[in-house]
Amino acid sequence: MDQPPARHLLAPLFAIQYFAWSAMFCLWIYALPVIGHILHPGGAALADYQHLLILVSAGFAFYSVLGTSLSLVIPRLVDRLGNGVVLGLGLLFGGGGFALLGVTTRVGWVGPAFAAIGIAWAALSSIPYALASAAAPEGRGALFMRLFGFSTVIPQVVTTLGLALLGTAWLGDDIGRVMLIAAGSMAIAGLIALMFRKRFAVTAEPW
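Notes on the structure in this doc start here.

Thresholds applied
- Residues numbered from 1 in each chain as written.
- Predicted model: local features only at pLDDT ≥ 70, side-chain atom pairs only at ≥ 80, totals over all residues.
- Heavy atoms only, no water.
- Core = buried A, V, L, I, M, F, W, Y, C linked by side-chain atoms within 4.5 Å.
- Buried < 20%, exposed > 50% of the residue type's maximum accessible area, 1.4 Å probe, protein only.
- Helix = DSSP H or I, 4+ residues; strand = E, 2+ residues; numbered from the N terminus.
- Contact = heavy atoms within 4.5 Å.
- Expected span 1.5 Å × (residues − 1).
- Arc of directions from axis to C-beta.
- Patch = residues over 30% accessible without salt bridge, like charges linked within 9 Å, V, L, I, M, F, W, Y side chains within 5 Å.
- Areas by Shrake-Rupley, 256 points an atom, 1.4 Å probe, with all protein chains shown as cover.
- Salt bridge = Lys/Arg side-chain N within 4 Å of Asp/Glu carboxyl O.
- Phe/Tyr/Trp six-rings, centres within 6.5 Å; stacked < 30°, edge-to-face > 60°.
- Axes fitted to C-alpha atoms, helices over the stretch in contact; angles between N-to-C directions.
- Parallel < 35°, antiparallel > 145°, perpendicular 65-115°, else oblique.
- Left-handed = near helix turned anticlockwise from the far one by under 90°.
- Nonpolar A, V, L, I, M, F, W, Y, C, P; charged D, E, K, R; others polar.

Quick look at the nonpolar core
Grouped together as the largest cluster of nonpolar side chains are 53 residues, with contacts concentrated most on Met24, Leu27, Leu91, Phe98 and Met179. Elements with a contribution of two residues or more to this core: helix 1 (6-39), helix 2 (49-70), helix 3 (74-81), helix 4 (83-103), helix 5 (110-124), helix 6 (127-135), helix 7 (141-148) and helix 9 (177-195). By residue number, the principal contributor to this core is helix 1, which donates 15 residues. In contact with Met24, not counting residues within four places along its chain, are Tyr63, Phe98, Ile117, Trp121, Leu124 and Met186.

Structure follows, in structure tokens:
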């Protein structure tokens, strides 16, 4: 199959990476207060802090292991459905997980939320990099991938500074709104992937 020019893939891939990684940085930065609010809406006591740390650490470990395990079957799904469809659906699952973290008041829903995020992580940590590698111009792969790395650095800077500067005034006592922002950002990434799924129909080695 003829590969489309790299520029045809670069813009949508950057957009997907920007919105998806923005969502992940929301999780990594704000998971502790968000889950703490679910456990103790009125404010956690110092004695409960260790329990909260264990729960958050377990959630992170769960989605990481699940995502890594699912990434092993991603190539088979891509063969059947295509890169864009698998990436888009995976990210939409993740958006649902973030939304669940943002609205739930029951700790029992934290596990399913992290499971949905793990599905997104499986797609996000493999497909975009395989596509970027496949789209790299011949002889310039290393430079192309270094430039592609900015697609994760930029959302880290913007998300961190943006929420730090605007978060306190806008969030108030409802810290769960951060996860709703993450849900929207991840959903946008998923929709972009589905929208450009025909462009992503390239032959790419599993990452």
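Remarks on helix 2
Here helix 2 contains 22 residues, and its C-alpha end-to-end distance of 32 Å stays within 8% of the 32 Å for a straight helix at 1.5 Å per residue. Taken together, the buried positions of helix 2 are occupied by Leu52, Val56, Gly59, Tyr63 and Gly67. In an axial view of helix 2, the angular spread of the buried residues amounts to 55°, which keeps them on one side of the axis. In helix 2, the exposed residues that point more than 90 degrees away from the buried face are Gln50, Ile54, Val65 and Thr68.

Focus on the environment of Leu180
Relative to the assigned elements, Leu180 resides in helix 9. Judged by its relative accessible area of 39%, Leu180 is partly exposed. The spatial distance from the C-alpha of Leu180 to the C-alpha of Val103 is 7.9 Å, given a sequence separation of 77 residues. Once you skip the residues sitting within four places of it in the chain, Leu180 turns out to touch Ala99, Gly102 and Val103.

Points about a nonpolar patch on the surface
A grouping of Leu147, Phe150, Val153, Ile154, Val157, Val158, Leu161 and Leu165 is seen on the molecular surface, where their side chains present a nonpolar patch of about 750 Å² in accessible area. Looking at which element gives the most residues to the nonpolar patch, the answer is helix 8 (residues 150-171), with seven residues.

Digging into the packing of aromatic side chains
Scanning all chains against the criterion turns up 10 aromatic pairs. With centroids separated by 5.8 Å and ring planes inclined at 65°, the aromatic side chains of Trp21 and Trp28 adopt a geometry described as edge-to-face. Classification of Trp21 by relative accessible area gives buried; the value is 11%. Taken together through their ring pairs, the aromatic side chains of Trp21, Phe25, Trp28, Phe60, Tyr63, Phe114 and Trp121 make up a single cluster.

Points about the packing of helix 4 against helix 9
Helix packing geometry: the angle between the two helix axes and the distance between the axes. Where helix 4 contacts helix 9, the two axes come as close as 7 Å, and the packing angle between them is 165°. One element, helix 4, and the other, helix 9, form an angle in the roughly antiparallel class. Between helix 4 and helix 9 lies a crossing whose hand is left-handed. Considered class by class, the residues forming the contact of helix 4 with helix 9 number 19 nonpolar, six polar and no charged.

Brief notes about the environment of Val65
As for its position among the elements, Val65 is in helix 2. The exposed category is assigned to Val65, whose relative accessible area is 54%. Separated by 50 residues in sequence, Val65 and Ala115 have C-alpha atoms that sit 9.9 Å apart.

Describing the packing of helix 4 against helix 6
The interhelical angle for the contact between helix 4 and helix 6, taken along N-to-C directions, is 150°, at an axis separation of 10 Å. When the axes of helix 4 and helix 6 are compared, the pair comes out roughly antiparallel. When the axes of helix 4 and helix 6 are compared, the crossing they make is left-handed. Taking contact as the criterion, the partners of Asn83, Val86 and Leu87 in helix 4 are, on helix 6, Ile127, Pro128 and Leu131. When grouped by side-chain class, the residues that make up the contact of helix 4 with helix 6 number five nonpolar, one polar and no charged.

Any link to function would need more than the numbers given here.
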